[in-house]
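Geometric and topological summary
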Amino acid sequence: MSERALVDRRRLTLAGVWICLCLGWLHPAAAAPAQKDVIASYATIGLATYEDSLIGARQLKVAVDALVARPDMVKLEAARTAWKAARVPYMQTEAFRFGNKVVDDWEGKVNAWPLDEGLIDYVAMGYGASSDSNPLYAANVIANRDILVAGRKLDARTISKKLLRSLHEAEKIEANVATGYHAIEFLLWGQDLNGTGPGAGQRPASDYAKGKACTGGNCDRRAEYLQSVTNLLVEDLAWMVDQWKPKGAARAVLSKSKSEALTAIFSGLGSLSYGEMAGERMKLGLLLNDPEEEHDCFSDNTHNSHYYDVIGMQNVYLGRYVRIDGRVVNGPSVSDLVKAKSADIDTRVREAIKSTVDKMAAIKQRAESKEAYDQMIGEGNSEGNAIVEAAIGALIAQTREFERAIGVLELKAVRIEGSESLEDPGKALSKKK
């Protein structure tokens, strides 16, 4: 190469360097958003998600009222469809639960499970008439006007919201679930008596019929219960919406300090991902191969329940939520904070969340095309077990990446709830036997 050519090449190289430097000055690396803006975005998404849950519950109430007014299978199916639709936004709220005492203390009113369905209504003969651990195991409040609770007679002649409140977790037993989504689910579907075979609950619409057409007995009281419990769900969600408004108690938890707010956010993400989802809701059922150990057991809707829980975690980390009417709520996110500290760790978290979403989507697709979740966790179903195990593994891996993010943000007070099902499966199994 000639000396003239070398000089020209150096000039081109230097020109390229200056162009790159100028472009860098024009487009500097994005600075970390203000933590207060991230917290405000998180709270705005929380409010929107609970507002959508309330909208879903109100639409469910309309369907329930129509069923009770003129019961038939078309209206029963419409109520079931409304129940499933209402679960979509609600499950996405669970990422706001752990780490926020206001939400966590309230959550049992609307989403407690599993429940001893004999407390509420008639059950199959194989259910049994008593339980050593629960005196109200087969109390059947729909069929009985008097219920003995903690040695005192409870007047149940009128099925009201007040009565249901008094029965919920009566005698401090968590399985006495009298309110919330799962009580409504049982009243719409009835027991799922199929084990790990195909099919959900098959409650007939005539369980709400009037006069001689009534099946199951006490159709008027069953209707009163269904309407009362649905009205309570609407009231409870309306209360929680208020808690996420600017002066609400759930927001107040986030206003103590920026560090405490971020601690609450990551405690929620980590605890839902690890102890609750990977452990209690998934691993335990797989260890036991027990079709009763599924979240939406009467309706065979567990695949959706799990899937939207993971979408909720993705919403929180990325600071983006798609409302039920298609509108998008977004803003500065914890992902932006992590990225400003370490783009590599943020990428790892994002990829881990995507992997979990993909694994849950595989469960959802299988449930909608081949077999329900309770069949997937059944004994001897190696293919179904493997798909569930893969999702559990993704949740655990996702939690580890959350821990990296927690570390880079120096949030030393974050506490991620554990699970015996993951850490000491032998002990978890012995408690269930």
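Scoring rules and cut-offs
- Residues numbered from 1 in each chain as written.
- Predicted model: local features only at pLDDT ≥ 70, side-chain atom pairs only at ≥ 80, totals over all residues.
- Heavy atoms only, no water.
- Helix = DSSP H or I, 4+ residues; strand = E, 2+ residues; numbered from the N terminus.
- Buried < 20%, exposed > 50% of the residue type's maximum accessible area, 1.4 Å probe, protein only.
- Contact = heavy atoms within 4.5 Å.
- Areas by Shrake-Rupley, 256 points an atom, 1.4 Å probe, with all protein chains shown as cover.
- Lys, Arg positive; Asp, Glu negative; His and termini not counted.
- Charge placed at Lys NZ, Arg CZ, Asp CG, Glu CD.
- Axes fitted to C-alpha atoms, helices over the stretch in contact; angles between N-to-C directions.
- Parallel < 35°, antiparallel > 145°, perpendicular 65-115°, else oblique.
- Left-handed = near helix turned anticlockwise from the far one by under 90°.
- Nonpolar A, V, L, I, M, F, W, Y, C, P; charged D, E, K, R; others polar.
- Pairing = 2+ DSSP bridges.
- pLDDT = per-residue confidence, 0-100.
- Phe/Tyr/Trp six-rings, centres within 6.5 Å; stacked < 30°, edge-to-face > 60°.
- Lys NZ or Arg CZ within 6 Å of the ring centre and 35° of its normal.
- Salt bridge = Lys/Arg side-chain N within 4 Å of Asp/Glu carboxyl O.
- Core = buried A, V, L, I, M, F, W, Y, C linked by side-chain atoms within 4.5 Å.

**A word on the overall build of the chain**
- Each helix and strand counted, the chain has 16 helices and 4 strands in total.
- Along the first, second and third principal axes, the C-alpha atoms of the chain reach 105 × 50 × 40 Å.
- Considering the chain as a whole, with its 433 residues, one finds that 51% of them fall into the buried category.
- A fraction of 71% describes how many contacts in the chain between residues 6 or more apart in sequence connect residues 24 or more apart.
- Of the accessible surface of the chain, which amounts to about 19,800 Å², a share of 54% is contributed by carbon and sulfur atoms.
- Positive and negative side-chain charges of the chain, numbering 55 and 58 respectively, have mean locations separated by a distance of 6 Å.

**Quick look at the environment of A405**
- By secondary structure assignment, the location of A405 is in helix α14 (residues 382-408).
- Exposure remark for A405: the relative accessible area of 0% places this residue in the buried category.
- Separated by 71 residues in the primary sequence, A405 and V334 place their C-alpha atoms 9.1 Å from one another.
- In contact with A405, other than residues within four places in its own chain, are F266, V338, I345 and V349.

**Structural notes on the packing of helix α3 (residues 73-92) against helix α10 (residues 302-318)**
- It is at 7 Å that the axes of α3 and α10 come closest, and there the two elements cross at 40°. Classified by the angle their axes make, α3 and α10 are oblique. Seen along the crossing, α3 lies across α10 with a hand that is right-handed. Across the interface between the two elements, R87, V88, M91 and Q92 of α3 pack against S305, Y308, D309, I311, G312 and N315 of α10.
- Taken together, the residues of the contact of α3 with α10 break down into 4 nonpolar, 4 polar and 2 charged.

**Let's talk about the pairing of strand β1 (residues 146-149)**
- The two faces of β1 differ: I147 and V149 on one face are buried, but D146 and L148 on the other face are not.
- Two successive antiparallel strands, β1 and strand β2 (residues 152-155), enclose a turn made up of 2 residues, where A150 displays a positive phi of approximately 55°.

**Looking at unusual backbone geometry**
- Residue P114 follows W113 across a cis peptide bond; omega there is -15°.
- Examined against the element boundaries, P114 turns out to sit in the loop between α4 (101-111) and β1.
- With a phi close to 55°, A150 is a non-glycine residue in the positive phi region.
- Assignment of secondary structure puts A150 in the loop between β1 and β2.

**As for the confidence of the model for the chain**
- Chain-level pLDDT for the chain is 92 on average; 93% of the residues reach the 70-or-more range.
- Low pLDDT, under 50, characterises residues 1-29; the predicted model gives this stretch 3 contacts beyond four residues in sequence or across chains.

**Description of the packing of aromatic side chains**
- All chains considered together, the criterion is met by 12 aromatic pairs.
- A ring pair is formed by Y50 and F96, whose centres lie 6.5 Å apart and whose planes are at 55°; its orientation type is tilted. Of this pair, Y50 sits in helix α2 (residues 35-69) while F96 is found in the loop between α3 and α4, placing the two residues 46 residues apart along the sequence.
- Ring geometry for Y317 versus F402: centroids 6.4 Å apart, planes at 45°, classification tilted. On the criterion of sequence distance, the pair formed by Y317 in helix α10 and F402 in helix α14 is long-range, its members being 85 residues apart.
- What links up through ring pairs into an aromatic cluster is the set Y42, Y50, F96, W106 and W244.
- One cation-aromatic arrangement involves R203 over F186; the distance from NZ or CZ to the ring centre is 5.1 Å.
- The side chain of K364 reaches across the aromatic face of Y307, ending 5.6 Å from its centre.

**Description of the pattern of salt bridges**
- By the definition in use, this model includes 34 salt bridges.
- Here D37 ties to K36 by a salt bridge, and the two come within 3.3 Å at their closest N and O atoms.
- Assessed through its relative accessible area of 33%, D37 is described here as partly exposed.
- The partner of E94 in a salt bridge is R281, with the nearest N and O atoms 2.5 Å apart. You can see E94 sitting in the loop between α3 and α4 and its partner R281 sitting in helix α9 (residues 258-288), a full 187 residues away along the chain.
- Relative accessible area serves as the criterion here: at 1%, E94 is assigned to the buried category.
- Looking at R281, the relative accessible area reads 1%, which means it is buried.
- One network of salt bridges, in which partners are shared, links E94, R97, D104, E107, E276, R281 and D309.

**Remarks on the nonpolar core**
- If you look at the biggest cluster of nonpolar residues, it comprises 115 residues, and the most contacted ones within it are Y225, W244, F266 and M282.
- Considering every element that reaches this core, the biggest residue donor is α2, with 15 residues.

**Section: α4**
- Restricting attention to buried positions, one finds in α4 the residues V103, W106, E107, G108, V110 and N111.
- For α4, the elements touching its buried residues are α2, α3, α6 (181-189), α7 (219-243), α8 (249-254) and α9.

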